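# Fold and contact review
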Amino acid sequence: MCGIIGYAGDECAVPIIVDGLKRLEYRGYDSAGIAVFGKDGFEVAKQKGRLSALEKKLESTPISGFMGIGHTRWATHGEPSDINSHPHLGSTSKIAVVHNGIIENYKHLKERLEQRGIKFVSQTDSEVVAQLAERYYDGDLLNTVIKTTNALEGSYALGIMCLDDPDTIIAVKKDNPLIVGVSEAGNFIASDVPAILEHTNKVYYMDDKEIAVITKNSVQFYNMDKEPITKQLETITWSVDSAEKGGYPHFMLKEIMEQPKVMRDTIQTIIAGENKKVIDAINIKDFDKIVVTACGSAYNAGVVSKYVFERLCRFSCEVELASEFRYKDAIVDKRTLVILVSQSGETADTIAAMREAKNKGATTLSIVNVIGSTIAKETDHTIYTAAGPEIAVATTKAFSTQLVLLYTLAIKFSGSESLMDELKTIPDKIQEIFEHVDYIQKYAAACIGYKSIFFIGRNIDYAIALEGSLKLKEISYIHSEAYAGGELKHGTISLVEENTLVVTIACCERLHGKILSNAEQVISRGAKVLFVSNCKTEETDKLSLIKLPQINELFSPSLSVIVLQLFSYYVAANKGLDIDKPRNLAKSVTVE
């Protein structure tokens, strides 16, 4: 959540920072701001709303400098407003700060500072960092940052500038992502790679409680004892084009269409890449059960995997929301394999769940998309999706590649290697679905007037119904819920009335009759049904069929989810919504 970029170099900082903020819009935000080191001190521009509003402000009141920091804010403390936007300055305007995260003890610190006569201008927890840093400042900015961060409780990624150091940005992090980029034209800090990929593919991934001191010509790292540390420079293999729309109207549609390629790439890592080595090194006989924990769509991938693990491995698999796992005193021990799924590798609740599992002695295995992320570095084993950069807030290709890796784990653990051949056919079968996009688009065009849409399925189809429902609600703002088909008569059917839409997933041949009966029950009460299936089904005036290619039912979610993604996308597109940046949502939920 939120986005940070900082630059120190030979070029004008403002356009570089604004462009970087645009490339971080997917993280979610409600205001934006920038501070540069100008001729007469800090020059600041902050604006509530989209980046276009900030750009207009900069056109009417230009600022300039060769070093600066920028921020897109997602409000946690204090409403979205110009004043609450970042960067924040201390009361003497000596120190400027951008902050991602939550300062949990900010009220105590604020009260202490106010007692000393310091006046605050915003309602944010972040301003306390700037005010506290000014209070502690002793002429040595590095000392000041160490003393300030030692006083903070909570999570933070910070970019800090000081008037007395006109060529220096200091960055420090705890439980929030931050990278340092290096180039011949200057050096950068950023929340994520896309912000700086236009300028460099050489980055350092910062670890918690590490400090980076950046000038236009140098990057130095220190620990909290002010001791220099050495870090490895990484090369990003993503191309700039991979983080661009490539002619598509939205990143989400581009990323849906990329799924056959990224799934092939992910499968290849299993056949002959690093993922194969990691998976082969895990002996399932060392464990009594598997626990999958995640948030959002990653959690839904975990629900799918439960059916696959238990069917193939005959092995107990529990799936837990990471936000609940961290507080429930989970029953895990050294005989438990805990699988953590996160696109960013920085999901706050999943990080906390991982640490809780490790404290209880469990072995941890992560499935992530970002090398160098917190979860990737802290788990005992890590396997990577080959999804590349995913810019749209609503996940599509990352979800599909997570499924591929979860399927693979079940196949390897069960010894059912023959299923790998069928797994390899998934990308081609998705391509078949793409040949019938027009029908999905046409059906979706008739659905924008619905106020509520239900998704039902049985067994593994119910698991993917959860993801279809989530995808629809997060980008179309239509109320949606997913139910196990057998639960309809336990209350839910009372919500079905004339012209309700019920999306039915039916890829389990042995349960086809039962889910078809559920569809007929809602039709008899006036509902219309969109039936997504690879089983023989007759269309009627109330039941519209989207036919899927044949595949083993354990892998069928990888096909049905494509239809559900496209359906949700076109419903939202027909409503004219901001699909890549849905309201109130962020790509990486890095605060609790």
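This report concerns the structure included in the present document. Throughout, a residue's number is its position along its own chain's written sequence, starting from 1. Restriction of local features to residues with pLDDT of at least 70 applies here, the model being predicted, together with a cutoff of 80 or more for giving and counting side-chain atom pairs; totals for whole chains, interfaces and linings are based on all residues. To obtain the side-chain values, all non-hydrogen atoms of the structure were included, while hydrogens and water were left out.

### Remarks on the sheet that holds strand E20 (residues 381-384)
Taken in spatial order, the 5 strands line up as E17-E16-E18-E19-E20 in an open sheet, and their pairing is parallel. Each edge of the open sheet is held by one strand with a lone partner, namely strand E17 (317-321) and E20. Recorded for the sheet is a direction-independent mean angle of 20° between the axes of neighbouring strands. Bridging between strand E18 (residues 336-342) and strand E19 (residues 363-368) involves 6 bridges; their strand directions are parallel. Pairing of Val341 across the sheet is with Ile367, part of E19. Note on pairing: two strands pair once DSSP finds at least 2 bridges between them. For helices the rule is a DSSP run of H or I covering at least 4 residues; for strands it is a run of E covering at least 2, with both sets numbered from the N terminus onward. In this analysis, axes come from line fits to C-alpha atoms, helices being fitted only over the stretch in contact, and the angle between any two N-to-C directions falls in the range 0 to 180 degrees.

### A few points about the nonpolar core
Remark: nonpolar core denotes a set of buried residues (Ala, Val, Leu, Ile, Met, Phe, Trp, Tyr, Cys) joined through side-chain atoms within 4.5 Å. Think of it in three bands: with a 1.4 Å probe and only protein chains considered, a residue is buried below 20% of the maximum accessible area for its type, exposed above 50%, and partly exposed in between. Grouped together as the largest cluster of nonpolar side chains are 123 residues, with contacts concentrated most on Ile290, Phe309, Ile339 and Phe567. With 11 residues, helix H19 (residues 557-574) is the single largest residue contributor to this core. Should any heavy atoms of two residues lie within 4.5 Å, those residues are considered in contact. Among residues more than four places away in sequence, those in contact with Phe567 are Ile440, Tyr443, Ala444, Cys447, Ile453, Leu472, Leu501, Val503 and Leu530.

### Here we look at the packing of aromatic side chains
One pair of aromatic rings is described through two measures. These are the centre distance and the angle between the planes. Any two of the Phe, Tyr and Trp rings considered here, Trp counted by its six-membered ring, make a pair once their centres fall within 6.5 Å; the pair's planes then place it as stacked at under 30 degrees, edge-to-face at over 60, or tilted in between. According to the stated counting rule, one finds 8 aromatic pairs in the structure shown. Their ring planes at 45° and their centres at 6.4 Å tell us that Tyr443 and Phe567 sit as a pair that is tilted. Here Phe567 lies in helix H19 and Tyr443 lies in helix H16 (residues 437-445), a separation of 124 residues in the sequence. On the accessibility criterion, Phe567 (2% relative accessible area) is buried. Ring geometry for Tyr569 and Tyr570: centres 5.0 Å apart, planes at 80°, overall edge-to-face. The class of Tyr569 is buried, set by a relative accessible area of 2%. Here, a charge over a ring is recorded when the distance from Lys NZ or Arg CZ to the ring centre is within 6 Å and its angle to the ring normal is within 35 degrees. The ring of Tyr477 has Arg583 lying over it, and the distance from NZ or CZ to the ring centre is 3.8 Å.

### A short note on unusual backbone geometry
With omega at 0°, the peptide bond leading from His86 into Pro87 counts as cis. You will see that Lys209, though not glycine, has its phi angle at about 65°, which is positive. Looking at where Lys209 falls in the secondary structure, it is placed in the loop between strand E11 (202-205) and strand E12 (211-214). Even without a glycine there, the phi angle at Asn459 is positive, about 60°.

### Comments concerning the packing of helix H9 (residues 296-313) against helix H13 (residues 397-414)
Packing of H9 against H13 leaves a shortest axis separation of 9 Å and a crossing angle of 20°. When the interaxial angle is binned, H9 and H13 end up roughly parallel. For the crossing formed where H9 meets H13, the hand is right-handed. Contacts between H9 and H13 involve Ser297, Ala298, Asn300, Ala301, Gly302, Val304, Ser305, Val308, Phe309, Leu312 and Cys313 from the former and Phe399, Gln402, Leu403, Leu406, Tyr407, Leu409, Ala410, Ile411, Phe413 and Ser414 from the latter. Of the residues contributing to the contact of H9 with H13, the split by class is 15 nonpolar, 6 polar and no charged. What sets the label is the angle itself: under 35 degrees gives roughly parallel, over 145 gives roughly antiparallel, 65 to 115 gives roughly perpendicular, and the rest give oblique. By convention, the crossing between two helices is left-handed when the near helix turns anticlockwise from the far helix through less than a right angle, and right-handed when the turn is clockwise. Lys, Arg, Asp and Glu make up the charged group, whereas Ala, Val, Leu, Ile, Met, Phe, Trp, Tyr, Cys and Pro make up the nonpolar group; the residues left over, Gly among them, are polar.

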